[in-house]
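Residue-level listing of the chains:
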Amino acid sequence: MKLGIVGLPNVGKSTLFNAITNAGAEAANYPFCTIEPNVGTVTVPDRRLDFLADMYKPKKYTPAVIEFVDIAGLVRGASKGEGLGNKFLENIRRTDAIVHVVRCFDDDNVIHVEGGTDPIRDIDIIDLELVMADLEMVTRRLDKVKRGANGGDKKLRHEAEVLEALRAHLDAGKSARSFETDSDDDARLVAESELLSLKPVIYAANMDEEGIADFENNAYYRAVLTRAQAEGAQVLPICAKTEQELTELPAEERAMFLEELGLTESGLDRLIKCSYTLLGLISFLTAGSDECRAWTITKGTRAPQAAGKIHSDFERGFIRAEIVAFEDLEACGSMAAAKEKGLVRSEGKDYVMRDGDVTLFRFNV
């Protein structure tokens, strides 16, 4: 999973990136401090995998990972090449989802490129630039499809109709995320267009320490929350500065620091949960003396396709999956005890994987 961290210059993007990846990206008080995208990979904390590792003492421990990309700050006119526009937009295109950092604090000492704090205005600026870039792409594709449809191809004619409607939707300043289609085939057509404004979004409402302490009553945060709810997006209240301070503390002091702030989880943990929810992802687990590993799949994935995540031969020669729910395994204390109680199931090709399934695939090629 690759998440692109975006936002206007000086909203706290690089500070947040530093905090969640501990990668040390430069963060300074002037626009375009970040020019090339910084990339950091973080492991997904999973106590279930830790439990299995304690049980099996494996040679290898492999958690799921998320790649974060800190993308240069966007400005008005990016879709026309202003600032670092073209590079910025191409970097977004390579991500699975967008973490849109929105400034929700006032500070005269931190320059705001638009002159003052207004999170909804800032969201609109970036949304519009993504929509304008998409409009240009859809227009080019429509022209090409229309030329092909002139020969009487019904499929291309229908594609042109869908693209015409999509272009009108974008031209009205609306994101591709809010475009409604009449069929699954049309939805796939739009999804295959690699549109920037189609990407799912997490709004990271970046507050100062005073704001995060009572974020539910923070007017800037509530404005972002209302916007996110209207779009079906996720919203994450966060203080990037606090998160960076957390990374500088010894592990044993972090929990105490979070407790003092009234928080139970770090921003990274909450961001990971938001990401999995937003993208409809779950994890199944494999365990043994050689390796304990978490595998990320989409909700609704059937057992053979999950096996294919490990190796194509597993999917091709799939026979069955031996599965125990993690909660059952944890309660029993061992795989042998879970089997004695009949909690290890044999599932076939139609089984839909569940989050936390501890799985052994049987296959024959």
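Preceding this paragraph is the structure being described.
Residues numbered from 1 in each chain as written. Predicted model: local features only at pLDDT ≥ 70, side-chain atom pairs only at ≥ 80, totals over all residues. Heavy atoms only, no water.

Draft legend 1. Quick look at the nonpolar core. Ranked by internal contacts, the top residues of the largest apolar core, which has 65 residues, are Ile-66, Phe-68 and Tyr-203. It is helix 11 (residues 267-279) that contributes the most residues to this core, six residues altogether. Sequence-distant contacts of Ile-66, that is, excluding residues within four places in its chain, are made with Met-1, Leu-3, Gly-40, Thr-41, Val-42, Val-44, Ile-272 and Tyr-276. With 15 residues, the next largest nonpolar core counts Val-131, Val-138, Leu-170 and Leu-189 among its residues. (Core = buried A, V, L, I, M, F, W, Y, C linked by side-chain atoms within 4.5 Å. Buried < 20%, exposed > 50% of the residue type's maximum accessible area, 1.4 Å probe, protein only. Helix = DSSP H or I, 4+ residues; strand = E, 2+ residues; numbered from the N terminus. Contact = heavy atoms within 4.5 Å.)

Draft legend 2. Structural view of the environment of Thr-286. Tracing the chain through its elements places Thr-286 in strand 8 (residues 281-286). Looking at Thr-286, the relative accessible area reads 16%, which means it is buried. Along the chain, Thr-286 and Ile-323 lie 37 residues apart, while their C-alpha atoms are 9.7 Å from each other. Separated by 2.9 Å, the side chains of Thr-286 and Trp-295 make a polar contact. (Polar contact = N/O pair within 3.5 Å; in protein donor to acceptor, adjacent residues only side chain to side chain.)

Draft legend 3. Layout of the pattern of salt bridges. Going through the model one piece at a time under the given rule, you end up with 24 salt bridges. Close ionic contact of Lys-59 with Asp-290 constitutes a salt bridge, the shortest N to O distance being 3.5 Å. Residue Lys-59 is located in the loop between helix 2 (47-56) and strand 3 (60-62), and its partner Asp-290 is located in the loop between strand 8 and strand 9 (291-298); the two are separated by 231 residues in the primary sequence. Two residues, Glu-164 and Lys-146, come together in a salt bridge whose shortest N-O distance is 2.6 Å. Of this pair, Glu-164 sits in helix 5 (residues 154-171) while Lys-146 is found in helix 4 (residues 119-149), placing the two residues 18 residues apart along the sequence. Using a relative accessible area of 29% as the deciding quantity, one classes Glu-164 as partly exposed. The structure contains a network of salt bridges with shared partners spanning Asp-124, Asp-127, Arg-177, Arg-227 and Glu-231. (Salt bridge = Lys/Arg side-chain N within 4 Å of Asp/Glu carboxyl O.)

Draft legend 4. Examining the side chain of Glu-347 more closely. For Glu-347, the position within the fold is in strand 11 (residues 345-347). In terms of polar contacts, Glu-347 uses its side chain to reach the side chain of Arg-345, at 2.8 Å. If we ignore the near neighbours within four places in the chain, the residues touching Glu-347 are Phe-318, Arg-320, Ala-321 and Ile-323.

Draft legend 5. Just the sheet that holds strand 1 (residues 2-6), in detail. With respect to topology, six strands assemble into an open sheet ordered 2-4-1-5-6-7, the strand pairing being mixed. Edge positions in the open sheet fall to strand 2 (38-43) and strand 7 (234-238), since each of these has one partner strand only. Averaged over all adjacent pairs, the angle separating strand axes in this sheet is 25°, with direction ignored. One ladder, built from five bridges, connects strand 6 (residues 201-206) with strand 7; its direction is parallel. Within strand 7, the residue paired with Ile-202 across the bridge is Gln-234. Sheet contacts for helix 8 (residues 219-231): strand 5 (97-103), strand 6 and strand 7; angle to strand 7, the most-contacted strand, approximately 160°. Taken strand by strand, helix 11 contacts strand 1, strand 2, strand 4 (65-70), strand 5, strand 6 and strand 7, and its axis lies near 175° from that of strand 7. (Pairing = 2+ DSSP bridges. Axes fitted to C-alpha atoms, helices over the stretch in contact; angles between N-to-C directions.)

Draft legend 6. Broad picture of the packing of helix 1 (residues 13-21) against helix 9 (residues 240-247). Taken N-terminus to C-terminus, the directions of helix 1 and helix 9 make an angle of 30°; their axes are 8 Å apart at the nearest point. As far as their axial angle goes, helix 9 and helix 1 are roughly parallel. Seen from above, helix 1 lies across helix 9 with left-handed handedness. Note on element contacts: helix 9 touches helix 1 through Ala-240, Lys-241, Glu-243, Gln-244 and Thr-247, opposite Thr-15, Leu-16, Asn-18 and Ala-19. (Parallel < 35°, antiparallel > 145°, perpendicular 65-115°, else oblique. Left-handed = near helix turned anticlockwise from the far one by under 90°.)

Draft legend 7. The packing of aromatic side chains, seen in detail. This model, assessed by the stated rule, comprises six aromatic pairs. Between Phe-51 and Phe-326, the ring centres sit 5.5 Å apart and the planes meet at 90°, which makes this aromatic pair edge-to-face. Placement of the pair is Phe-51 in helix 2 and Phe-326 in helix 14 (residues 326-332), with a sequence separation of 275 residues. Residue Phe-326 is classed as buried on the basis of its relative accessible area of 1%. Grouped by ring-pair contacts, the aromatic residues Phe-284, Trp-295, Phe-318 and Phe-361 constitute a single cluster. (Phe/Tyr/Trp six-rings, centres within 6.5 Å; stacked < 30°, edge-to-face > 60°.)

Draft legend 8. Expanded view of helix 8. Over its 13 residues, helix 8 runs 19 Å from end to end, which matches the ideal 18 Å to within 8%, given 1.5 Å per residue. Listed in full, the buried residues belonging to helix 8 are Tyr-221, Val-224, Leu-225, Arg-227 and Ala-228. Projected down its long axis, helix 8 shows its buried positions confined to an angular sector of 165°, all on one face. For helix 8, exposure combined with an orientation more than 90 degrees from the buried face picks out Ala-219, Thr-226, Gln-229 and Ala-230. Buried-residue contacts for helix 8 involve strand 5, helix 4, strand 6 and strand 7. (Expected span 1.5 Å × (residues − 1). Arc of directions from axis to C-beta.)

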